[in-house]
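Structural features, examined
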Amino acid sequence: MIFASGYVELDSVDNHEIVKKELEFRGITVTAFEGDRMTFLIEKETSSEVKVDIESIKNITGIRNVYLAYFSLEGSDTE
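Residues numbered from 1 in each chain as written. Predicted model: local features only at pLDDT ≥ 70, side-chain atom pairs only at ≥ 80, totals over all residues. Heavy atoms only, no water.

Counting 16 residues, the largest nonpolar core has Val 8, Leu 23, Met 38, Ile 42, Ile 57 and Ile 63 as the members making the most contacts within it. Elements that contribute at least two residues to this core include exactly β1 (2–10), α1 (16–25), β3 (37–44) and α2 (47–57). Per-element accounting of this core gives the leading share, 4 residues, to β1. Discounting chain neighbours no more than four positions away, the residues touching Met 38 are Gly 6, Tyr 7, Val 8, Leu 10, His 16, Val 19, Lys 20, Leu 23, Val 30, Ala 32 and Phe 33. (Core = buried A, V, L, I, M, F, W, Y, C linked by side-chain atoms within 4.5 Å. Buried < 20%, exposed > 50% of the residue type's maximum accessible area, 1.4 Å probe, protein only. Helix = DSSP H or I, 4+ residues; strand = E, 2+ residues; numbered from the N terminus. Contact = heavy atoms within 4.5 Å.)

Taken as a whole, this structure holds 5 salt bridges when the rule is applied. Between Glu 9 and Arg 64 there is a salt bridge, with the nearest N and O atoms lying 3.1 Å from each other. Residue Glu 9 is located in strand β1, and its partner Arg 64 is located in strand β4 (residues 63–71); the two are separated by 55 residues in the primary sequence. Given a relative accessible area of 41%, Arg 64 falls into the partly exposed group. (Salt bridge = Lys/Arg side-chain N within 4 Å of Asp/Glu carboxyl O.)

Written out as C-alpha cells, the structure is:
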C-alpha cells in the first residue's frame, strides 16, 4: 500500500465543504481543515495511482495549490 499526504490551499474558506465533498468522492480522505488549508491522505496500491490522484486534485474548482508533504515508496513495507 502506498500512502501520500499533504494539503490543499483553497481559493476561499467558503469553498471548503464543496472541496471536501469532491475529495471524498474521489476516495481521498480529508484529515483536517484550518483556515484556507485542508490536509488529505491518499491510500492506493501503486505509486502511479497516487500520482493520478494528486494530479487530479489540481483540477478541482476551489483549489489554488496542492502541496505534498509525505509519499511512501513502493516496496518499503517488505523486507
